[in-house]
Amino acid sequence: IPVWVLKECGLGVGMQKKLEEMQNVYIQQSDPSITQCPKCQEMYSSESGDLSSVNANEKGPDGKPLSQLHVDHKRKYRFRCPKPGCKTVFCSGCSTAPYHLAYTCQEFKNYKESQKCRFCEKTLDASNMAERDPNLGPGLDNVCNSHECKEKRNWSC
């Protein structure tokens, strides 16, 4: 609805703002090419990047090359806000800034919610958690079973 129509109807500023927010939500939900920057709230039309422009040797935070799934996710969802002064790099799938390289949105959500090794930040589960050492304090329980992290745990106080 054009702003001048809202003003002519006698709607207050608060109601005009609420209607504008509702329209923006509707536009985003009805057109998947519309992206909104989570920092400055600027909305713009977007398109997936060219797969050939993605660095084939790019590595994730773990030092391993990105899988094809993660390369495709980056190509489709990683954006940089074009607004001068903002330039936020974010994921248009989950509005996370900065973009979560080497994770899909669901993987990143799981990573953020999970326990992590206190030394290497690897996600912990029953298969990779080091056995508890009763001689060490409870703060040293969250350690993975890699030799390096267990060694660091033994030297920690």
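Higher on the page you've got the structure.
Description of the structure in this document.

Basis of the calculations
- Residues numbered from 1 in each chain as written.
- Predicted model: local features only at pLDDT ≥ 70, side-chain atom pairs only at ≥ 80, totals over all residues.
- Heavy atoms only, no water.
- Helix = DSSP H or I, 4+ residues; strand = E, 2+ residues; numbered from the N terminus.
- Rg over C-alpha atoms; globule rule 2.2 N^0.38 Å.
- Buried < 20%, exposed > 50% of the residue type's maximum accessible area, 1.4 Å probe, protein only.
- Contact = heavy atoms within 4.5 Å.
- Areas by Shrake-Rupley, 256 points an atom, 1.4 Å probe, with all protein chains shown as cover.
- Lys, Arg positive; Asp, Glu negative; His and termini not counted.
- Charge placed at Lys NZ, Arg CZ, Asp CG, Glu CD.
- Phe/Tyr/Trp six-rings, centres within 6.5 Å; stacked < 30°, edge-to-face > 60°.
- Lys NZ or Arg CZ within 6 Å of the ring centre and 35° of its normal.
- Core = buried A, V, L, I, M, F, W, Y, C linked by side-chain atoms within 4.5 Å.
- Salt bridge = Lys/Arg side-chain N within 4 Å of Asp/Glu carboxyl O.

1. A look at the overall build of the protein chain
Then, in step 1: Helix and strand counts for the protein chain come out as 5 helices and 4 strands.
Then, in step 2: Along its sequence from the N terminus, the protein chain presents helices and strands in the succession α-α-β-β-α-β-β-α-α.
Then, in step 3: Taking 15 Å as the expected radius of gyration for a compact globule of 157 residues, we find that the protein chain reaches 23 Å, considerably beyond that expectation.
Then, in step 4: If you line up the protein chain on its principal axes, its C-alpha atoms span 75 × 40 × 30 Å.
Then, in step 5: Split into buried and exposed, the 157 residues of the protein chain put 26% on the buried side.
Then, in step 6: Counting contacts in the protein chain only where the partners sit at least 6 residues apart, residues at least 24 apart contribute 36% of the total.
Then, in step 7: Here the protein chain has roughly 10,900 Å² of accessible surface; of this, 53% comes from carbon and sulfur atoms.
Then, in step 8: Within the protein chain, one finds 22 positive and 19 negative side-chain charges whose respective centroids are separated by 3 Å.

2. Brief notes about the side chain of Thr 104
Then, in step 1: Along the chain, Thr 104 turns up in the loop between strand 4 (89-91) and helix 4 (105-113).
Then, in step 2: Overall, the relative accessible area of 13% leaves Thr 104 in the buried class.
Then, in step 3: Apart from residues no more than four positions distant in its own chain, Thr 104 is found in contact with Leu 69, His 70 and His 73.

3. A word on unusual backbone geometry
Then, in step 1: Cis geometry is found at the peptide bond from Ala 97 to Pro 98, where omega equals -5 degrees.
Then, in step 2: Residue position: Pro 98 is located in the loop between strand 4 and helix 4.
Then, in step 3: One non-glycine residue, Ser 95, lies in positive phi territory at about 60 degrees.
Then, in step 4: Backbone geometry places Glu 121, a non-glycine residue, at a positive phi of 70 degrees.
Then, in step 5: By the element assignment, Glu 121 lies in the loop between helix 4 and helix 5 (147-155).
Then, in step 6: For Glu 121, a relative accessible area of 43% puts it in the partly exposed group.

4. Things to note about the packing of aromatic side chains
Then, in step 1: Taken as a whole and judged by the stated rule, the model has 4 aromatic pairs.
Then, in step 2: Ring centres of Tyr 103 and Tyr 111 lie 5.1 Å apart, and the angle between their planes is 35 degrees; on these two criteria the pair is classed as tilted.
Then, in step 3: Chaining the aromatic ring pairs together yields one cluster made of Tyr 103, Phe 108 and Tyr 111.
Then, in step 4: The ring of Tyr 111 has Lys 116 sitting right over it, with the charged end atom 4.5 Å from the ring centre.

5. Some thoughts on the environment of Thr 88
Then, in step 1: Relative to the helices and strands, Thr 88 is located in the loop between strand 3 (78-80) and strand 4.
Then, in step 2: Assessed through its relative accessible area of 11%, Thr 88 is described here as buried.
Then, in step 3: Between the alpha carbons of Thr 88 and Cys 37 there is a distance of 7.4 Å; along the sequence they are 51 residues apart.
Then, in step 4: Among all residues touching Thr 88, those that are not within four sequence positions of it are Cys 37, Lys 39, Phe 79, Arg 80, Cys 81 and Ala 97.

6. Some points on the nonpolar core
Then, in step 1: If you look at the biggest cluster of nonpolar residues, it comprises 6 residues: Cys 37, Tyr 44, Phe 79, Cys 81, Cys 86 and Phe 90.
Then, in step 2: If you look at the next biggest cluster of nonpolar residues, it comprises 5 residues, including Cys 117, Leu 124, Val 143 and Cys 144.

7. Some points on the pattern of salt bridges
Then, in step 1: Following the criterion strictly, the structure yields 4 salt bridges and no others.
Then, in step 2: Residue Glu 58 pairs with Lys 74 through a salt bridge whose shortest N-O separation is 2.6 Å. Of this pair, Glu 58 sits in the loop between strand 2 (43-45) and helix 3 (68-77) while Lys 74 is found in helix 3, placing the two residues 16 residues apart along the sequence. In this pair, the class of Glu 58 matches that of Lys 74, namely buried.

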